[in-house]
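Here is what each chain is made of, one letter per residue.
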2 protein chains.
Amino acid sequence: MSHWTLVYDGPDVPGTGVRESLCTLGNGYFATRGAFPESRADGVHYPGTYVAGCYDRATSVVNGHQVDNEDLVNVPNWLPVTFRVGGGDWFERPDPALPQRTELDMRRGVLTRTFHVVDGDRTTRVTQRRLVSMRDPHLAALETTLVPVDWNGTLVLRSALDGEVTNSGVARYRDLNGRHLSALGTGSDGCGRVWLRCRTLTSRVEVALAARTRVVQGRRSSSGVVSCGGWVASDLTLDVAMGEQTTVEKVVALYTSRDHAIGDCLEAARDARDEAGSFDELLRRHTAVWHRLWRTCVLDVGGEQEQRVVNLHVFHLLQTLSPHTADLDVGVPARGLHGEAYRGHVFWDELFVFPFLNLRLPETARALLRYRWRRLPRARTAARAAGLRGALFPWQSGSDGREEAQRTHLNPRSGRWLSDHSHLQRHVGLAIAYNVWQHYQATGDTAFLAEFGAELLVEIARAFADMAVYDRALDRFTISGVMGPDEYHDGYPDRDAPGLNDNAYTNIMAVWTLSRALDALCALPGRCRGELQEALGLGAEELERFEAITRKMRVPFHDGVISQFAGYESLEEFDWEAHRGVRRLDRFLEAEGDDCNRYRVSKQADVLMLFFLLPDEEVTDILYRLGHPRDPELIPRTVDYYLARTSHGSTLSSVVHAWVLSRNDRRASWHFFLDALRSDVEDVQGGTTAEGVHLGAMAGTVDLLTRCYTGLTTHGGVLHLSPLLPAELERLFYVLRYRGHWGVEVEVRRDDVRVTVPPSDGPAVRVRIRESSTSVAPGSSCVLPLR
Amino acid sequence: MSHWTLVYDGPDVPGTGVRESLCTLGNGYFATRGAFPESRADGVHYPGTYVAGCYDRATSVVNGHQVDNEDLVNVPNWLPVTFRVGGGDWFERPDPALPQRTELDMRRGVLTRTFHVVDGDRTTRVTQRRLVSMRDPHLAALETTLVPVDWNGTLVLRSALDGEVTNSGVARYRDLNGRHLSALGTGSDGCGRVWLRCRTLTSRVEVALAARTRVVQGRRSSSGVVSCGGWVASDLTLDVAMGEQTTVEKVVALYTSRDHAIGDCLEAARDARDEAGSFDELLRRHTAVWHRLWRTCVLDVGGEQEQRVVNLHVFHLLQTLSPHTADLDVGVPARGLHGEAYRGHVFWDELFVFPFLNLRLPETARALLRYRWRRLPRARTAARAAGLRGALFPWQSGSDGREEAQRTHLNPRSGRWLSDHSHLQRHVGLAIAYNVWQHYQATGDTAFLAEFGAELLVEIARAFADMAVYDRALDRFTISGVMGPDEYHDGYPDRDAPGLNDNAYTNIMAVWTLSRALDALCALPGRCRGELQEALGLGAEELERFEAITRKMRVPFHDGVISQFAGYESLEEFDWEAHRGVRRLDRFLEAEGDDCNRYRVSKQADVLMLFFLLPDEEVTDILYRLGHPRDPELIPRTVDYYLARTSHGSTLSSVVHAWVLSRNDRRASWHFFLDALRSDVEDVQGGTTAEGVHLGAMAGTVDLLTRCYTGLTTHGGVLHLSPLLPAELERLFYVLRYRGHWGVEVEVRRDDVRVTVPPSDGPAVRVRIRESSTSVAPGSSCVLPLR
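So, here is what we can say about the structure in this document. From a predicted model like this one, the values you see are computed outputs, not experimental measurements.

**Brief notes about a positive patch on the surface**
- Taken together, the side chains of A:Arg135, A:Arg284, A:Arg285 and B:Arg384 make up a positively charged region of the molecular surface.
- Structurally, A:Arg135 can be placed in the loop between β9 (122-132) and β10 (139-148).

**Describing the sheet that holds strand β7 (residues 101-105) of chain B**
Residue and element names in this part refer to chain B.
- The strand order across the open sheet built from 9 strands is β1-β7-β8-β9-β10-β17-β14-β13-β12, with neighbouring strands paired in antiparallel fashion. If you trace the sheet from one side to the other, it starts and ends with β1 (5-9) and β12 (181-190), each paired once. Neighbour to neighbour, the strand axes of the sheet diverge by 15 degrees on average, direction disregarded.
- Strand direction decides the pairing type here: strand β8 (residues 110-119) and strand β9 (residues 122-132), joined by 9 bridges, are antiparallel. If you follow histidine 116 over to β9, its bridge partner there is arginine 125.
- The strands that helix α3 (residues 279-296) touches are β8, β9, β10 (139-148) and β17 (246-256); relative to β9, the one it contacts most, it runs at about 45 degrees.

**Some words on helix α15 (residues 616-625) of chain B**
All names here are of chain B.
- Among the residues of α15, Val619, Ile622 and Leu623 are the ones counted as buried. What you see down the axis of α15 is that its buried residues fit within an arc of 95 degrees, all on one side.
- With its phi angle positive at about 95 degrees, glycine 627 sits one or two positions after the end of α15.

**Focus: the relation of the copies chain B and chain A**
- Superposition of chain B onto chain A requires a rotation of 180 degrees combined with a translation of 0.0 Å along the rotation axis, giving an RMSD of 0.0 Å. Taken together, the rotation angle and the small translation identify this as a two-fold axis. No C-alpha of chain B approaches the rotation axis more nearly than that of B:Arg258, which lies at 2.9 Å.
- Looking at the interface residues of chain B, 98% of them are also at the interface in chain A, so both copies use one shared face.

**Description of the nonpolar core**
- Counting residues in hydrophobic clusters, the biggest one holds 223 residues, and the most contacted among them are A:Trp78, A:Phe611 and A:Tyr709.
- In terms of residues, this core owes the most to one element, helix α9 (residues 446-467) of chain A, which gives 14 residues.
- Not counting residues within four places of it along the chain, the set of residues in contact with A:Tyr709 comprises A:Ala658, A:Ser662, A:Ser669, A:Trp670, A:Phe673, A:Leu704, A:Pro723, A:Leu724, A:Leu725, A:Pro726, A:Leu729 and A:Leu732.
- B:Cys54, B:Val205, B:Phe611 and B:Leu784 belong to the second largest nonpolar core, which has 220 residues in total.

**Describing the environment of B:Ala727**
- Looking at the secondary structure, you find B:Ala727 in the loop between β25 (719-721) and β26 (731-738).
- Once you skip the residues sitting within four places of it in the chain, B:Ala727 turns out to touch B:Arg666 and B:Arg750.

**A look at the interface of chain B and chain A**
- The partner chain A presents 55 residues to the 56 residues of chain B that form the contact.
- Of the roughly 4700 Å² buried at the junction of chain B and chain A (both faces included), carbon and sulfur atoms supply 39%.
- Contact with chain A buries area across many residues of chain B, yet B:Arg204, B:Arg527 and B:Trp742 alone supply 15% of it, more than any other trio.
- Our count for the contact surface shared by chain B and chain A stands at 16 salt bridges.
- The partner of B:Glu267 in a salt bridge is A:Arg402, with the nearest N and O atoms 2.9 Å apart.
- Between chain B and chain A we count 28 residue pairs in polar contact (both at pLDDT 80 or more) in total.
- In terms of residues, the side of chain B that touches chain A owes the most to one element, helix α11 (residues 526-536) of chain B, which gives 6 residues.

**Some words on the state of the cysteines**
- If you walk through the whole model with that rule in mind, you get 0 disulfides over all chains.
- In this model A:Cys54 remains outside any disulfide bridge; the closest cysteine sulfur is found in A:Cys198, 9.3 Å from its own.

**Regarding the pairing of strand β7 (residues 101-105) of chain A**
Residues and elements named next belong to chain A.
- As judged from the 5 bridges shared by strand β1 (residues 5-9) and β7, these two strands associate in the antiparallel manner. Paired with tyrosine 8 across the strands is threonine 102, a residue of β7.
- Across 5 bridges, β7 lies against strand β8 (residues 110-119) in antiparallel orientation. Among the inter-strand pairings, arginine 101 is bridged to a residue of β8, identified as threonine 114.

**Details of the pairing of β9(A)**
Residues and elements named next belong to chain A.
- What sits between β8 and β9 in their antiparallel hairpin is a turn of 2 residues, with glycine 120 showing a positive phi close to 65 degrees.
- By the bridge criterion, 9 bridges tie β9 to β10 in an arrangement that is antiparallel. In the strand pairing of β10, threonine 124 is matched with proline 148.
- Linking β9 back to β10 in an antiparallel pair, the connection comprises 6 residues.

**Some thoughts on the pattern of salt bridges**
- All chains considered together, the criterion is met by 138 salt bridges over all chains.
- The shortest N-O distance in the salt bridge between A:Asp119 and A:Arg122 comes to 2.9 Å.
- Using a relative accessible area of 27% as the deciding quantity, one classes A:Arg122 as partly exposed.
- Salt-bridge contacts for B:Asp445 lead to B:Arg366; the nearest nitrogen and oxygen are separated by 3.4 Å. On the criterion of sequence distance, the pair formed by B:Asp445 in the loop between α8 (428-443) and α9 (446-467) and B:Arg366 in helix α6 (residues 362-374) is long-range, its members being 79 residues apart.
- Counted as one network, the salt bridges with shared partners bring together A:Arg57, A:Glu70, A:Arg378, A:Asp400, A:Arg402, A:Glu404, B:Glu267 and B:Asp271.

**Details of the packing of α3(B) against helix α4 (residues 304-320) of chain B**
Residue and element names in this part refer to chain B.
- Running from amino to carboxyl end, α3 crosses α4 at an angle of 115 degrees, the nearest separation of the two axes being 12 Å. Relative to α4, α3 is oriented so that their crossing is right-handed. The residues of α4 that touch α3, namely those facing Trp290, Leu293 and Trp294, are Asn311, Val314, Phe315, Leu318 and Gln319.
- For the contact of α3 with α4, the residue count by class is 6 nonpolar, 2 polar and no charged.

**Looking at the sheet that holds strand β16 (residues 231-240) of chain A**
Residues and elements named next belong to chain A.
- With antiparallel pairing, the 4 strands of this open sheet are ordered in space as β6-β11-β16-β15. Lying at the two open borders of the sheet, with one neighbouring strand each, are β6 (81-85) and β15 (219-228). Shown here is a sheet whose adjacent strand axes are inclined to one another by a mean of 20 degrees, direction ignored.
- In terms of strand pairing, β6 meets strand β11 (residues 153-162) through 5 bridges, oriented antiparallel.

**As for unusual backbone geometry**
All names here are of chain B.
- Positive phi, close to 60 degrees, is recorded for arginine 204, a residue that is not glycine.
- As for its position among the elements, arginine 204 is in the loop between β13 (193-200) and β14 (206-217).
- Judged by relative accessible area, which is 18%, arginine 204 ranks as buried.
- Of note, the phi angle at arginine 739 is positive, near 50 degrees, even though the residue is not glycine.

**So, the side chain of B:Gln425**
Residues and elements named next belong to chain B.
- Within the secondary structure, glutamine 425 sits in the loop between β20 (416-419) and α8.
- With a relative accessible area of 1%, glutamine 425 lands in the buried category.
- Excluding anything up to four places from it in sequence, glutamine 425 contacts Trp395, Met483, Gly484, Pro485 and Glu487.

Calculation notes
Residues numbered from 1 in each chain as written. Chains lettered and ligands numbered in written order. Predicted model: local features only at pLDDT ≥ 70, side-chain atom pairs only at ≥ 80, totals over all residues. Heavy atoms only, no water. Patch = residues over 30% accessible without salt bridge, like charges linked within 9 Å, V, L, I, M, F, W, Y side chains within 5 Å. Areas by Shrake-Rupley, 256 points an atom, 1.4 Å probe, with all protein chains shown as cover. Salt bridge = Lys/Arg side-chain N within 4 Å of Asp/Glu carboxyl O. Lys, Arg positive; Asp, Glu negative; His and termini not counted. Charge placed at Lys NZ, Arg CZ, Asp CG, Glu CD. Helix = DSSP H or I, 4+ residues; strand = E, 2+ residues; numbered from the N terminus. Pairing = 2+ DSSP bridges. Axes fitted to C-alpha atoms, helices over the stretch in contact; angles between N-to-C directions. Contact = heavy atoms within 4.5 Å. Buried < 20%, exposed > 50% of the residue type's maximum accessible area, 1.4 Å probe, protein only. Arc of directions from axis to C-beta. Least-squares fit on C-alpha atoms with pLDDT ≥ 70 in both. Core = buried A, V, L, I, M, F, W, Y, C linked by side-chain atoms within 4.5 Å. Buried area = accessible area lost by both parts, 1.4 Å probe. Polar contact = N/O pair within 3.5 Å; in protein donor to acceptor, adjacent residues only side chain to side chain. Disulfide = S-S within 2.5 Å. Left-handed = near helix turned anticlockwise from the far one by under 90°. Nonpolar A, V, L, I, M, F, W, Y, C, P; charged D, E, K, R; others polar.

Written out as structure tokens, the structure reads:
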């Protein structure tokens, strides 16, 4: 097995669903789960098909509590292909006693399954290849080859489009209303061609599918069409012979009413289906695009085992966010397009995904920022409602940018419904601001700043400036009533009102954001800056306040470390020994009548996130500017302090911890890196991968290799590398798009670094390796020693 | 009356509709006609509301001929406000005997009407102000102030949303099916708030409107809601007193299912309505944006009369294509969003509009090119159907990029239905290629080329390269079976098959396009070029063919001038004297059993378009490269030849003629310029303005002032000016966005030119005035003498 394939033998593992998640196919426009059989019999798990940005809202009543849920919609299933022999049962699942094999070819984006079906005394071998076209984002195809092992006769192959699907992929959401589609019609166009039109219930997005099923090898004796509600199928009757192959291919086109350059989406789907080539033609074109994508995203790490998982992570990133995504109005769903967990909402963890895109597919990154910018009106309304100027982005962003964070949640351990304050995680806006600035740094694209980047950044900064209240006694600005990224702390144990004061992460990143907003305004052409300020009503006085806050924001300290928030030092130490093995301390303690808020315990990195996002010198500079003396030991001390008090409950924690330890404890860092690498491929949380891959963690591992271990930054127009490879890595090689240069090659070895800039008319690239600087002209390389 | 206002006194002029077209309000997202009353009584003209990019297709049978028409849809009318006193009739139209006044304030984008309504012995003075918000593209507002002149009592004001509209604004289309909407529902939200949801019939675009009507001054005694089918209204009963003002404001939000960042469009419309401020607040924010837009688009020409019309033209351009357009999937409708003529289809005349946008609103220009790029798949299918590689864009582009040009048309003079070959105007692709390259030259945006500009340009070039057939006998490439821009010639008089051979415009622009495609490939970073060529399957052999064609394309000549097409010299001279005053020679001759194809007669500039698009030196260079000796007299001779044989039947002709004469006959040029300037404001074609303004001609007049009379080009990164002001102009002043510089000021006077580059971090601007070159650093000016 090469590092380009993922292979599973043996029967599938019902219930865990890990493999099917990993074997999802997608193209940045839609994705479909692919590993399991797709018969329509009730009780069999339905593989989902998700279209980027197709959301629907449903209201449910659970235990007397009204719960609104807006879901990434499980749109009609295009894949169902089953068969039966004579009047027997439709094939539902492979025979577990006979060989089966699932092989995901990541290089070509093709999933191949081989299995056997036993029906009485008849055994049939089935091979299926499927793809979701990376060439034409609206097409997918499935080729099925049947070989009767020990019989001759007639079988009926059924190829369906199924709009009767529900969102039921996540067990704990099944009490919620999972019905989001209503069928508007089905029909046949003859010659094995059927179509289905349906609409999401409240958001009224129309989705149309058109399928073509034809025999490419073998004998078809007759065909027919059956339909029922939102389900329609072509039945093909096939004469088959022992040991002989019969091959049937299904090509499906999918359009929604939100697509560009169409009239009616059903018409578009039928046209695209009729114009689509054969499976082999689609495969050839699809493979060629994957080939180019891999060239763009190459990341050579050595070691086959690690390389395979790195490839898997890049593969999943590209399935969720590809060049096709760049022309859609979609954000980064936390679980990709691969599962229903988190309902497709957009969280702050897009933060982990942007570095991958900024340096490889900057158009896609820019489109994701535009997605946020298009939701500025809603964020402004939220800010006004909170008495702030500027924009307040929601913790869980729904399709139109409204807050979708739950206000109550169930602790399954205690059976109690609890208030949920996660909407107080205002820091999501800081992550967006960070993404804007990083994109600008990586691309040098002033036009992006002028068009919408600066507006987005400045509006976020304003809201934080207004959140900051000047405390005359302290001579400091303070921010109250928020939550940091650590979800174990949403308030003080002795107070009724939720929220914390002066969360260090929030306050320091707010200072950083205010400074970058001022930088961004300076980077704009004068007239553009003037127009923006005029449009926003942003005067000199407000900018002076920005500046003042960057000098006087409060950052709490205790015991010689940065405090997670003001008052942290009054919390009790936690008895970790007594709770070893408890994954969700919050639920455990609440069920015991206790409360995480009482203890110095973190679910995930909070203060540590600072050292993940910003180079140590930058954190030190911010603190110095705020009047805190430089202390070279502050950061290592703070890292140690919180690492000892964190439960590592999130897949993102491992990424953050690997990062912050990469300089001072390379062994521990590598350990956390491997942890993060295993998140999904080994389903380390025991079942959550089946609910959708952890896209942020996947991207984080790629970013650890690209930026962290090679010390790559793009600040101020300099490609700066300061590598410190873990002992386990001999060499790292990757390719970047950097400021208009396509395919800048970076090779980091133990002893030196080579940077190659491909030929172009562009300017030379300024490169700094540790302390040596040079300039690399297009069409040339530099090699700089590391010792 | 200042040059910022357009004022009409006296009664309206039923039938001509000129004024209402000119008084259209829009914001680049939607537009609404605004001058006439909006009661619902049958027989009264309905003012249309158009949303950019909302198309619907209808099939009609006219005289036994099936006619497909895809229309820019007249979406629900948001404006109806009427009233009645007691049980009287609803007010339908102003009293023509009493004073009335319509005033379009172009600087602020506000239309004010004052008129009187007489009902028995009661007279009421009405003042209405309306706006379509340039701040929030989804909002429009109407303020109505009523003053009873001579009575006291009660009136009922009716404020409606009307989805029962049809496309009936163009008289000659009224035989076609004009019904495009089906109502999905109406309702009331209380407090004078109503809503309407409807859907276009075949394209299934949902459109939702939500209105809020409230009394801001006066006494409301009661209110109610009435509805009927796709029509709903709030009725407000008002107690009014003689001489006292009662003011009612209506705010309407409009969303479609194609909008970004929404869930359901009705929910979005209701939310937007409820969050919208008062009329005065909307007006203040709207005015502020117009103020910035005018600063961006300033064009000072002197002379109040000309200045007013220039302002009107810029005003209409910005209403159709504003910064709001940049995030939509829309093209340039030939008649703007101001009327139903040409059904909103996108033609080549976007060519006339791009220069305005490239140098002022480049993001909007880029979005319009992206609109074409999104339709590449359809253009590729069209090319394949014609046996060509690359992309073949349609003459009349419908919503999904399909060809919507009619295949038969009626000659009303003869009553005969005739074959229509206008789809043979393949040159539309050349115009798109030209727009791509001009955009690149004006912006210097290589990222645009890399993202999609080069792909668009190259794919168009390929189709023309494949259209060109090598003729061994001539040792030339020839292109057969096409039409040039001149619609009086669609074939040879002695041949049955339509189409012409070697249309000079097509062939020369094809050579130009092939050269620019090669240039564009060279301008890309090497790896990007490689990826593009690989993706397109564009090998070295095909590029060599491009090159070969640029050296051996056939261009026909006769009598020492460029022939409009091969064989032109065999046509008869036309008896112009005998047909003086005939506007449509084609219809006239066909009715007589004759045919334009027999004569040396042009409807509009064809060869002359070459000298409009390309500097004389560039045409000369292309011809020289093709093996034709340089002849300084060729171009003036050719211009004279065709000017004498052109009927000036198109509003665009005047623009082209003013341009080509600008160097050699300034007086004639100015005459044509004034002709073009008058096109709509005086409705020179007698009624066509009411069907929609001529956006290309409007933009053309702005472009004559900006580029032609100042000799402005942006080729090769040099801002080159070579002014030759018409005697009638003392001074021209305008502001440009140029290669990342916001607000480059150009002032051309009789004796000198001043160029001012605003402060920024950008590079200096290379400026050439005639033969003197200089470099202007940001924050400085240069003044160069002209004598």
